[in-house]
Amino acid sequence: MNLVMKLERTGWRPIDYLVRVFTLASLLMFCLSTSSHAQSMFRGDPAHSGVYAGEGPRQFHRLKWKFATGNRIVSSPVIDNKKIYFGSDDGNVYSIDAESGREIWRRSTRGPVPSTPAVAAGMVYFTSYDGNFYALNAETGALKWKFTTGGERRFEAKGLHGIQPKNQTIADPFDVYLSSPVVADRIVYFGSGDGNLYALDAATGDLRWKFKTDDVVHASPAFVNGVVFVGSWDSYFYAVDAKTGKEKWRFHGGEDPLIHNQVGFQSSPAVIDGTVYTGCRDAQVYALDATTGKEKWRFDNALSWVNTSPAVTRGKVFFATSDSSLYHMADAATGKSLVRQQGKAYMFSSPAIAGDVAIIGVLNGTLEARDANTGELLWDYQTNASKQNSGWVLTADRRFNQPLLFFDNWGEAPILAQDRQVSVGSIFSSPLVANGVVYFGSTDGFLYALE
Amino acid sequence: MNGSGEMRLILLFVFASALICRAEDKARGRWEGAVQIPGRELEVVVDLAKADDGLWQGSIIIPGLNLAGTPLVDIAVQDSDASFGIKTGRGLEATFKGHFNADGTFSGDFIQAGNRASFTLKKIGAPQVEAPHRSTPVAKEIEGEWKGEYQIFGTPRHVTLKLTNGTEKSATAELVVVGRKVNNLPVDLVTQEGDLVTIESNQTGIGYEGRFNKEANEIKGTFMQGPVEVPLVLRKSK
């Protein structure tokens, strides 16, 4: 007796069976893809460990390929099923073949996309400066749904960074990222310039809840054990119940009422072994108890921003600083400094740890690979834009050439300087390491694959 | 020495003087042109002249770098070559090394932060060298040590200012700020106009300006650190 006959006798039609099998299989696939936490979102997983499978290249062999987009790339690449996904400030999200660098599809939005996509259950999720949150079919780029937030905006303040005139509200030119979504248990979570942390049904885009903070949320939320963790530019770091959207605890970072330079969470948290690790623009790296929010330790960086999102593995925390351009490794339990290496320029990019190799982008247009244990530089790769050094943004040894960068002192210098900075192919993008290949974006508009 | 020997000496002297005069004539003036930095042309105006003491002096204007009347340093003019430098409080150090050409231009290399680019300047008129700012003497009653405190980024800073009149009709100052560490700040300029006292440390971008009271035991003013301005009251140490 064949299967169809058996089913007919029990009153089941074959089509019902197929539908149920298909539904179960889809559900299983969805659960697997969300619970196994494939490395297809910002920082590699919902906990934001920043750890990537396999060993990173200890030597640079060659440029495998580079892929041109129409504007700068701030977004970080993610990989899923041998396809790379990333956003560009040209307004597109791209899917390209990881091996060849050939474009598979692109989908346009009406604003820059400095958000890192998350891929789960055959869908690609990301935010755009057009104020919408998008869900696309990962295979085709077809729009599945989009959700309109209260609108994007940059962090802003009067007299920001001492920029004149003091009474003018200035949008922060260094607020370069948009929140990157995290997907877990069929919900997608992300922050917005409207100050909310959103939880949407990953399949339909229906709003599950939103959690209001008092300022821009451009950090990427981490998800661990039913709790969503994220910092806001309102100087608070929040832990929110993933099911209800209710606040579990909040932690107060530093304030800077004078020039608003030393305030706000731009860094995204890593939540490992019951501890939240996050950088802050108040120049601290904080380790907080994930259950209570109580501070375990803080690492002071002497007024230098920590915009990188820490990577945490093997009991060590890896992060880098902006102005002081330092690469750090600290003990995860105590915060004690283990490695301190002087870099050449500001770092916003977050370190990717692959085996014993740490890879990080630098705003001088150089990608650096360091020994994860010692912090020693193994190799670096300089983009062409950095080599060209238009306008002498860099010194001959690739440090930022401050007198030419901030030449008009504290007039509108930081605004102008940011434009000048990115002319050397700055790497805001956090590297992805997969199968021994390093992928990253640059403000020169190219996505690079190095091996 | 015979007559022909004397004549040779005179001729040599005249020739040397002529050479020196020609070098002087060549260099003296207002020069205008541009430095060809990759992707960015920097317009430059340079003024060069000899002071009464026979030393070269000069100033430079670079609108693209927010420099106006910045004094030139290390000026050297020899035959058909000249070099001079810029050293500003904001950390800009650069050198021009050039040659006076037959076509009346002055061209060569602009070197900054290890980078090198070519420049060409053309003389457009008489020099308009800007006199550098100089410190003034301060009133005797405000000479001495002053102390105060301000707070920035949540950390208190203790300030000690010591004003001393020097021998050359100008005051000097020692400025020490103690926060997380002790900072002895180099002071470039001390001026007093009426009851207004100004202190400038160009190298650090730090400054203070304030007015002292009739009793000359308190200065109320503003401490400036980069973009930050905070009130600072200094009191005379007893």
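Reading guide: rules and limits
- Residues numbered from 1 in each chain as written.
- Chains lettered and ligands numbered in written order.
- Predicted model: local features only at pLDDT ≥ 70, side-chain atom pairs only at ≥ 80, totals over all residues.
- Heavy atoms only, no water.
- Contact = heavy atoms within 4.5 Å.
- Buried area = accessible area lost by both parts, 1.4 Å probe.
- Salt bridge = Lys/Arg side-chain N within 4 Å of Asp/Glu carboxyl O.
- Polar contact = N/O pair within 3.5 Å; in protein donor to acceptor, adjacent residues only side chain to side chain.
- Helix = DSSP H or I, 4+ residues; strand = E, 2+ residues; numbered from the N terminus.
- Nonpolar A, V, L, I, M, F, W, Y, C, P; charged D, E, K, R; others polar.
- Pairing = 2+ DSSP bridges.
- Axes fitted to C-alpha atoms, helices over the stretch in contact; angles between N-to-C directions.
- pLDDT = per-residue confidence, 0-100.

Q: Would you mind showing me how to read the interface of chain B and chain A here?
A: Often, the extent of an interface is quoted as the loss of accessible area upon association of its parts. In this assembly, 25 residues from chain B lie in contact with 26 residues from chain A. Looking only at chain B, the three residues that lose the most surface to chain A are B:N115, B:F153 and B:P227, adding up to 29% of its buried area. Here B:E229 and A:K166 are joined by a salt bridge, their closest N and O atoms 3.3 Å apart. Across the chain B-chain A interface, the total number found is 6 residue pairs in polar contact (both at pLDDT 80 or more). Of all the secondary structure elements, the ones that give two or more residues to the side of chain B that touches chain A are strand 7 (105–112), strand 8 (115–125) and strand 17 (228–236) of chain B. Of the residues in the side of chain B that touches chain A, the class split is 12 nonpolar, 8 polar and 5 charged.

Q: Help me understand the pattern of salt bridges, please; the structure alone is not making it clear to me.
A: Two side chains carrying opposite charge are able to pair once their charged atoms lie near each other. All told, the structure shown has 24 salt bridges over all chains when counted by the stated rule. Note that A:D371 and A:R58 form a salt bridge whose closest N and O atoms lie 2.7 Å from each other. In this pair, A:D371 sits in strand 30 (residues 366–371) while A:R58 sits in the loop between helix 2 (14–35) and strand 1 (63–68), placing the two residues 313 residues apart along the sequence. A salt bridge links B:R30 to B:D47, with the nearest nitrogen and oxygen atoms 2.9 Å apart. You can see B:R30 sitting in strand 1 (residues 29–37) and its partner B:D47 sitting in strand 2 (residues 40–50), a full 17 residues away along the chain.

Q: Would you mind showing me how to read the sheet that holds strand 5 (residues 81–87) of chain B here?
A: The strands that make up a sheet pair up through hydrogen bonds in the backbone, lying either parallel or antiparallel. Residues and elements named next belong to chain B. In spatial order, the strands read 1-2-3-4-5-6-7-8; together these 8 strands close into a barrel with antiparallel pairing. Along the sheet, successive strands turn relative to each other by an average axial angle of 30 degrees, direction set aside. Two strands pair when backbone bridges link them, and strand 1 and strand 8 are joined in this way by 6 bridges, in the antiparallel orientation. Each bridged residue has a counterpart across the sheet, and for G33 the counterpart in strand 8 is L121.

Q: Explanation requested: the confidence of the model for chain B in the structure shown.
A: Fine structural detail should not be taken from predicted coordinates in areas where pLDDT scores are low. For chain B, mean pLDDT is 90; residues scoring 70 or higher make up 90% of the total. For this predicted complex, the interface score ipTM comes out at 0.81, while the overall pTM is 0.87.

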